[in-house]
There are 2 protein chains.
Amino acid sequence: MPVQVRQLDTAASDFEAEFAKLRHWSEEADHAIEERVAAILADVKTRGDAAVLECTNRFDGMAAASVAALELTRDELKAAFDAITPAQRSALESAARRVRSYHERQLEACGRSWQYRDEDGTLLGQKVTPLDRVGIYVPGGKAAYPSSVLMNAIPAQVAGVGEIVMVVPTPKGERNALVLAAAYVAGVHRAFTVGGAQAVGALAYGTATIPAVDKITGPGNAYVASAKRRVFGQVGIDMIAGPSEILVLADGTTPADWVAMDLFSQAEHDELAQSILLSPDAAYLAEVRASIDRLIGEMPRQAVIRASLEGRGALILTRSMEEACEISNRIAPEHLEVSSDAPEKWEQLLRHAGAIFLGAFTSESLGDYCAGPNHVLPTSGTARFSSPLGVYDFQKRSSLIQVSEAGAHILGPIAAELAYGEGLQGHARAAEMRLSKKA
Amino acid sequence: MPVQVRQLDTAASDFEAEFAKLRHWSEEADHAIEERVAAILADVKTRGDAAVLECTNRFDGMAAASVAALELTRDELKAAFDAITPAQRSALESAARRVRSYHERQLEACGRSWQYRDEDGTLLGQKVTPLDRVGIYVPGGKAAYPSSVLMNAIPAQVAGVGEIVMVVPTPKGERNALVLAAAYVAGVHRAFTVGGAQAVGALAYGTATIPAVDKITGPGNAYVASAKRRVFGQVGIDMIAGPSEILVLADGTTPADWVAMDLFSQAEHDELAQSILLSPDAAYLAEVRASIDRLIGEMPRQAVIRASLEGRGALILTRSMEEACEISNRIAPEHLEVSSDAPEKWEQLLRHAGAIFLGAFTSESLGDYCAGPNHVLPTSGTARFSSPLGVYDFQKRSSLIQVSEAGAHILGPIAAELAYGEGLQGHARAAEMRLSKKA
């Protein structure tokens, strides 16, 4: 049965209406979840370890005697690493090395303190420091991704975070060896087999056993997302991610099978994932459609892929590659493939995307695992104003100001004038006092 | 009547308990406000201009005929600039010049795109682009601060934001000439005399007259803060600010009157503002206390200053300057003055603060108005994980990846191994397809 991917045409009169439908995705807040999460967080804040232990035993079907018993030792992480296959070990280590190398470049490019003196001798600058301690949430169960452990822990490590604490639920005690091995490779300092809102609460408030952190990153289910929103302010958080998306801009020079498989690789995540292909070449769109229908039968996750492509996917015929770039900017996709033999030409027209994959050989999946850049990216159009997870998410900046005596004489009258204008006499007088000698 | 500022002593047995009380500040969500804001946002989303106009006329006591009539033209901003005193014009321009100069350094230090090729020819990098359009919320009424217009608009302008849209309520039609003049100086592109949740909604969703923006920054009252929280995700927002704070570390070498006035300059903002002085020198603390009592009578805002200092202020006697630095790190203050004749010595021990003011001549107020760094800073301990408003808040990053054919042969097997391990066969096959020739 052919996959019923909708096709849009920018020249059609109903294009804007169809395009609006395609982009629509509503994240309804579930009141029952919201209330349960609020109760769990309040319980963890008040009762600490006791609440974390009860929740974990109940929701994850565990029978732990204490939260301390839920801690994974460094030896246990190493044992997991030793137990996976040599090919898996090697792949994890290669991926980690490349991800680390990219994030070290990122640190050099934008993560260093700087300062200068202006003409009156005043020192100005910005001091960049790593966060003291961060928490990384790693989902357990069927969507357990060791690659996400690397992508969250390595930038924190490169930033110089003092302590990286991982939490990962292990429903019915089942541990994912690749996840534990990835934690070993990525240099996670402490790890607890705790998940859900209770894990987020423990990291935000701290308990006797689980230390409070300064920021929590990492994906999770609706309970985790709700808990992260609620503790924001007490601690920092990364973005709350929506469904994953790929947008492919194709000039027709990439084998159609390759592009079809790239669309599948996004669609296989879940039914809400979105795969969109834009091309000015109608014959090429037909070719990709044929590839989709031919290849779908080979995919173990074909039911999910079909549901995703039919529910949220699209092939869009555009008037030109330029127009395809404009539409891409309106969508601001998480993943953007420029499948062209002149990708640098189109890249210049692209303003909003989490990650841009250039040329036929750059499948999104290479970037997802091991090219080096982070795979935690802004979704749902938030690439208009936000960025991939990076070293900068694990650092913060403090302004530095040292006004010289000469500088105080220049700045004082300006500050006083503006402060009086705002009715803040204390500000004005504090500035004016610096016009006298210190002694 | 002496100001009853509490005094703490780190050597006292009840210090931790007293210190915890001092830090406690609870921001209770007000359900009535939350519900009204939700209703206003829903109305603006549905009815657009009509809702904005009704809310503005009702809440701000206006009688505008249309939202278009609420727009301030560039000529009106210029007229405001021309109407203020020459001293005010000069102060605004000097402050703007210095703020711009600092943020240009910030752009150079950390706001540029970068890329490199690894050994197999794969191009990796990060493309940094400005936001297309941002909204700046400026409070009206009694807490109208022209300096905040500069501090929000100038980093956006330096980042290269395409369009800066300011909203400022004008209750009963009363316009603050300094605020309008600051908008003129800072290069605001469009301005509307609209405020409250309706202004935030208009900027987030867009109306026929007010354009939708990608990010909203700037302070506001409880309605504005609640609205910003609610539209987050649809657009980016800056931090939700708590009460303003200053922490002064003093070794006793700065004139006591100067430090007393610095404490006043924070306390005069509002009753919840917090001013804390730490010193290992008991005699110096007594001297500052005497200055406070002597100077308080001269301050026009003495009622607010007294309420703030008595409710939330403190003088803390420490065992040493080192201990004072440790306590400062626990507080992670918004403003941190190192009032010492060896400030660089202590600066090295300070990890968490929004802005650090070094030496006796660097009053916070000089930084608030014109030293150059931004005065929008993380409050309530959030300096542990967040940063001053800056050029980086008006930019976002996209990862760039261009894998060469040779690179695809190295990366493909790594990605496939990990993808199969995660049960994502589409990802694996997309990587494996790149092991063949393209044609």
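The residue numbering used here restarts from 1 in each chain and proceeds along that chain's sequence as written. Each chain is given a letter, starting from A, and each ligand a number, starting from 1, according to the order in which they appear as written. Owing to the predicted nature of the model, reporting of local features is limited to residues with pLDDT of at least 70; listing and counting of side-chain atom pairs is limited to 80 or more, with chain, interface and lining totals taken over all residues. Excluding hydrogens and water, the side-chain figures rest on all heavy atoms present in the structure.

S.K.: In this structure, what is going on with unusual backbone geometry? I would like to understand it.
M.R.: The phi dihedral of Ala-332 of chain A falls on the positive side, at around 50°, and the residue is not glycine. Helix and strand definitions follow DSSP, with helices as H or I runs of at least four residues and strands as E runs of at least two, each counted in order from the N terminus. As for its placement among the helices and strands, Ala-332 of chain A is situated in the loop between α13 (321-331) and β13 (335-339). One non-glycine residue, Lys-172 of chain B, adopts positive backbone phi at about 55°. Secondary-structure assignment places Lys-172 of chain B in the loop between β6 (163-167) and α7 (177-186). Throughout this description, buried means an accessible area under 20% of the type-specific maximum (1.4 Å probe, protein chains only), exposed means over 50%, and partly exposed covers the range between. On the basis of relative accessible area, Lys-172 of chain B is assigned to the exposed category, the value being 76%.

S.K.: Where do I start with the sheet that holds strand β14 (residues 355-358) of chain B in this structure?
M.R.: Adjacent strands of a sheet form backbone hydrogen bonds with each other and so pair up, either parallel or antiparallel. Strand pairing is assigned whenever DSSP detects at least two bridges linking the two strands. Taking strand neighbours across the sheet as the criterion, the nine strands line up as β3(A)-β4(A)-β15(A)-β14(B)-β13(B)-β10(B)-β11(B)-β12(B)-β1(B) in an open arrangement whose pairing is mixed. The sheet is open, and its two borders are formed by β3 (114-117) of chain A together with β1 (6-9) of chain B, each paired with just one other strand. Going from strand to strand, the sheet's axes swing by 20° on average, the running direction of each strand aside. Of the pairings in the sheet, the one linking strand β4 (residues 123-130) of chain A to strand β15 (residues 395-402) of chain A comprises eight bridges and is antiparallel in character. Note that in β15 of chain A the partner of Gly-125 of chain A across the bridge is Leu-400 of chain A. The contact definition used throughout considers only heavy atoms, calling two residues in contact when any of these lie within 4.5 Å. The angle between two axes is taken between their N-to-C directions and runs from 0 to 180 degrees, where each axis is a line fitted to C-alpha atoms and a helix contributes only its stretch in contact. Contacts from helix α1 (residues 15-23) of chain B reach β1, β11 (274-279) and β12 (314-317) of chain B within the one sheet, and its direction differs from that of β1 of chain B by about 135°. Along the sheet, helix α11 (residues 282-295) of chain B contacts β1, β10 (245-250), β11 and β12 of chain B; its crossing angle with β12 of chain B, the most-contacted strand, is approximately 165°.

S.K.: Can you walk me through the pairing of strand β12 (residues 314-317) of chain A in this structure?
M.R.: Within a regular beta strand, the side chains point alternately toward one face of the sheet and then the other, so they alternate between its two faces. Residues and elements named next belong to chain A. Covered by surrounding structure in β12 are Ala-314 and Ile-316 together with Leu-315 and Leu-317, the residues of both alternating faces. Two elements, strand β1 (residues 6-9) and β12, share four bridges in a ladder whose sense is parallel. Bridging from a neighbouring strand, Gln-7 pairs with Leu-315 of β12.

S.K.: How do you make sense of the packing of aromatic side chains when you look at a structure like this?
M.R.: Here a ring pair, both rings aromatic, is described through the centre-centre distance and the interplanar angle of the planes. Ring pairs are drawn from Phe, Tyr and Trp, using the six-membered ring of Trp, whenever the two centres fall within 6.5 Å, and their geometry is named by plane angle: stacked under 30 degrees, edge-to-face over 60, tilted for the rest. Scanning all chains against the criterion turns up 10 aromatic pairs over all chains. Arranged with centres 5.2 Å apart and planes meeting at 35°, the rings of Phe-81 of chain B and Tyr-184 of chain B form a pair that is tilted. You can see Phe-81 of chain B sitting in helix α4 (residues 74-83) and its partner Tyr-184 of chain B sitting in helix α7, a full 103 residues away along the chain. Consider the rings of Trp-114 of chain B and Tyr-116 of chain B, whose centres lie 6.4 Å apart with planes at 10°: the pair is stacked. The pair formed by Trp-114 of chain B and Tyr-116 of chain B is uniform in burial state, with each residue classed as buried. One aromatic cluster is present, formed by Tyr-102 of chain A together with Trp-114 and Tyr-116 of chain B through successive ring pairs. Positioned over the ring face of Phe-81 of chain A is Arg-89 of chain A, at 6.0 Å from the centre of the ring. Taking the ring centre of Tyr-392 of chain A as reference, the NZ or CZ of Arg-397 of chain B above it sits at 3.7 Å. Distance and angle both matter: a charge sits over a ring if NZ of Lys or CZ of Arg is within 6 Å of the ring centre and within 35 degrees of the ring normal.

S.K.: Teacher, can you tell me more about helix α13 (residues 321-331) of chain B here?
M.R.: Every α-helix winds through 3.6 residues per turn, so residues three or four apart in the chain are directed the same way. Residues and elements named next belong to chain B. Counting buried positions along α13 yields eight of 11 residues, so the element is predominantly enclosed. The complete set of buried residues in α13 reads Met-321, Glu-323, Ala-324, Cys-325, Ile-327, Ser-328, Asn-329 and Ile-331. Where α13 begins, the side chain of Ser-320 points an oxygen toward the backbone nitrogen of Glu-322, at a separation of 3.4 Å. Just downstream of α13 lies Ala-332, where phi reads positive at about 50°. Any N or O atom pair separated by 3.5 Å or less is treated as a polar contact, with the protein-specific requirement of one donor-capable and one acceptor-capable atom, and with residues adjacent in sequence counted only for side-chain atom pairs.

S.K.: Sorry, what's going on with the sheet that holds strand β5 (residues 133-137) of chain A here?
M.R.: All names here are of chain A. Pairing within the open sheet is mixed, and its six strands lie in the order β2-β7-β6-β5-β8-β9. Single-partner strands in this sheet number two, and they are β2 (71-72) and β9 (236-237). On the sheet, helix α9 (residues 222-231) packs against β5, β8 (215-217) and β9 and is oriented at approximately 155° with respect to β8.

S.K.: What exactly am I supposed to notice about the interface of chain A and chain B here?
M.R.: By a widespread convention, an interface's size corresponds to the accessible area lost as its parts come together. Each partner contributes residues to the interface: chain A has 122 residues there, and chain B has 123 residues. Approximately 10900 Å² of surface area, both sides summed, lies buried where chain A meets chain B, with 59% of it carried by carbon and sulfur atoms. Buried area, as used here, totals the accessible surface that two parts lose on assembly, with accessibility defined by a 1.4 Å probe and the loss added over both. Counting the surface chain A buries against chain B, the share from its top three residues, Phe-361, Arg-434 and Lys-438 of chain A, is 8%. Between Lys or Arg on one side and Asp or Glu on the other, a salt bridge is scored when a side-chain nitrogen of the former is within 4 Å of a carboxyl oxygen of the latter. Counting the contacts that link chain A with chain B gives 14 salt bridges. In this structure, the salt-bridge partner of Arg-351 of chain A is Asp-132 of chain B, at a minimum N-O distance of 3.1 Å. Counting residues per element, the side of chain A that touches chain B draws most heavily on helix α5 (residues 86-110) of chain A, at 13 residues.

S.K.: Is there a simple way to think about the pairing of strand β14 (residues 355-358) of chain A in this case?
M.R.: Residues and elements named next belong to chain A. Every second residue of β14 is oriented toward a common face, with Ala-355 and Phe-357 on one face and Ile-356 and Leu-358 on the other, all of them buried. Relative to β14, β13 runs parallel, the two being bridged by four bridges. Across the sheet, His-335 pairs through a bridge with Ala-355, a residue of β14.

S.K.: It is not clear to me how empty space enclosed by the protein should be interpreted in this structure. Could you clarify?
M.R.: Over the atoms, a rolling probe the size of a water molecule traces out where space has been left empty. A pocket here means an open set of points on a 1 Å grid, computed over the protein atoms alone, that has protein on both sides within 12 Å along at least five of seven lines. A cavity is instead a set of points where a 1.4 Å probe fits but cannot get out; residues with an atom within 4 Å of a point line either one. Grid points are joined across faces, edges and corners, and a volume is the space filled by probe spheres set on the points. If you walk through the whole model with that rule in mind, you get one cavity of 30 Å³ or more. Taken as a whole, the largest cavity spans an internal volume of roughly 30 Å³. Every residue along the wall of the largest cavity is listed here: Ile-401 of chain A together with Ala-355, Phe-357, Gly-367, Asp-368, Pro-373, Asn-374, His-375 and Leu-377 of chain B. Those elements that place two or more of their residues in the lining of the largest cavity are β14 and α15 (364-369) of chain B. Residues belonging to the lining of the largest cavity are distributed by class as follows: five nonpolar, three polar and one charged. Throughout, the ten residues Ala, Val, Leu, Ile, Met, Phe, Trp, Tyr, Cys and Pro are labelled nonpolar, Asp, Glu, Lys and Arg are labelled charged, and all others, Gly among them, are labelled polar.

S.K.: What is the right way to look at the domain arrangement of chain A in this model?
M.R.: Residue and element names in this part refer to chain A. Domain boundaries assigned for chain A yield domain 1 (6-25 + 242-371), domain 2 (31-237) and domain 3 (403-433). Delimitation of the domains relies on an automatic or database domain assignment. For domain 1 and domain 2, the distance between their C-alpha centroids amounts to 32 Å. Facing the six residues of domain 1 at the interface are six residues of domain 2. With both sides pooled, the region where domain 1 packs onto domain 2 buries about 450 Å², and carbon together with sulfur makes up 53% of that total. When the buried area of domain 1 at its contact with domain 2 is split by residue, Tyr-369, Cys-370 and Ala-371 rank highest and sum to 70% of it. At the boundary of domain 1 and domain 2, one finds zero salt bridges. Where domain 1 touches domain 2, the interface holds one residue pair in polar contact (both at pLDDT 80 or more). Of the residues contributing to the side of domain 1 that touches domain 2, the split by class is three nonpolar, two polar and one charged.

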